Amino acid sequence: MGASGAARSLQHMLTSLRSRPPSPTAVRRAFLAALVMNTVIVVTGGAVRLTASGLGCPTFPRCTDDSLVVTREMGAHGVIEFGNRMLTFVLTAAVLAAVVVAWRARRRDLLRPAGLLFAGILAQALLGGVTVLTGLNPVTVMAHFLLSMGLIAVAVLAHDRASAAAAGDDPEHDGVRGEIRLGAWLLTAAVALVLVLGTTVTGTGPHSGDKEAADRLPFDLETVTQVHADLVFLVVGLTIGLLLAVRASGTPGPLAGRLRVLLGVVLAQGAVGYAQYLTDLPVLLVGVHVLGACLVWIATVRTLLATGTRSGLRSASPAESHPEPAWAAGR
Ligand code: HEM
């Protein structure tokens, strides 16, 4: 078969793949899987740090200078760190599935975030490598965590779009007042700052990720923890204020419900934060705090999304708005 024959069969295969688009529920599930896997990898990454396994595989991309994979000599720390590296493949599979599903459904509004999630995995793999090669420098550990928060935000956005289409909702949320929208942006910025400060507390504190990694940020642990916790009070205040404003203005849509969920998650996370601080940072509680940080962030982004006009969503069966390109239609 010549080159043109191969191109024709590829074109035929792609066209038939797209001829039966996945159901809106299948699309929603694909993005839920991508979101869950992005969260799982943050928590398992936290477990690597908290079990002091950060240099369990001391080099990158190989595990040791002599071996691509973990060896018996690397012990439990090696298995934990290498296991986390392997989870990247599960995450990649979930994100690639989301890319394919969005493409088959002709959802350009989902294809872009899915592509961004894929690019994010490549960036995180590089940054994870830099983290190991710099001997767990706290600034690279912070960047690694915060980039994951960015990817979680993208996954939440895509999942929210896919869910609106699956439920046949009107996703425009037209009745939200400008002041409330502004308040939601402020709240999101405050939570983002809490996350940055949280990673600063971690970079200052004792859980560096390995006994050998002595580098810590030059702050007073008590003071940064205090600032981190003080900002949480601002987040609680803003959330309650927005809830009251939403009630008083009779704002329609899911905003009130999402704010209530956010308030519950923030209060629970705050309680875990104080508990771990007062008990000298036991690893299990710190691990729960890492999961809690992801859940707070997910609830925050969902709250923000409930305030805005999300253009392009109305065309969830977008054959008419995203006409099939000539190459896919075999023209
Ligand atoms: C909205 C509530 C909160 C959020 C979203 C949040 C988020 C975070 C994040 C993202 C980290 C860094 C995790 C990592 O780098 O692996 C962190 C660490 C930390 N947080 Fe919070 N936090 C919250 C509330 C609190 C409160 C109220 C306290 C009370 C003092 C607290 C105490 C700490 C401490 C001590 C650490 C360092 C733990 C370590 O050694 O790794 N947090 N937090």
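Everything numeric in this text was worked out from a predicted model, so none of it was measured. (Residues numbered from 1 in each chain as written. Predicted model: local features only at pLDDT ≥ 70, side-chain atom pairs only at ≥ 80, totals over all residues.)

Trainee: How should the overall build of the protein be read in this particular structure?
Mentor: In terms of regular secondary structure, the protein is built from ten helices and zero strands. Reading the secondary structure of the protein in the N-to-C direction produces α-α-α-α-α-α-α-α-α-α. Oriented by its inertia axes, the alpha-carbon framework of the protein measures out at about 65 × 65 × 25 Å. Out of the 331 residues belonging to the protein, those deemed buried represent 38%. Here the contacts in the protein between residues at least 6 apart in sequence split such that 76% fall between residues at least 24 apart. (Helix = DSSP H or I, 4+ residues; strand = E, 2+ residues; numbered from the N terminus. Buried ≥ 20, exposed ≤ 12 C-beta atoms within 10 Å, placed from the backbone. Contact = placed C-beta atoms within 7 Å.)

Trainee: Hey, could you run me through the environment of Thr188 in this one?
Mentor: One can find Thr188 in helix α6 (residues 178-204). A tally of 19 C-beta atoms within 10 Å means that Thr188 is categorised as partly exposed. Spatially, the C-alpha atoms of Thr188 and Gly273 are 19 Å apart, while their sequence positions differ by 85 residues. In this structure, Thr188 is in contact with Thr300 and Leu304, ignoring residues within four places of it in sequence.

Trainee: Would you mind going over the site of the ligand with me for this structure?
Mentor: Neighbouring residues of the ligand: 28 residues in total, closest Gly198, Thr202, Gly205, Gly273 and Ala293. Of all elements in the fold, only α6, α7 (221-249), α8 (255-278) and α9 (283-305) reach the threshold of two or more residues within the shell around the ligand. With seven residues, the top contributor of residues to the shell around the ligand is α8. A class-by-class count of the residues in the shell around the ligand yields 15 nonpolar, 13 polar and no charged. (Near = placed C-beta within 6 Å. Nonpolar A, V, L, I, M, F, W, Y, C, P; charged D, E, K, R; others polar.)

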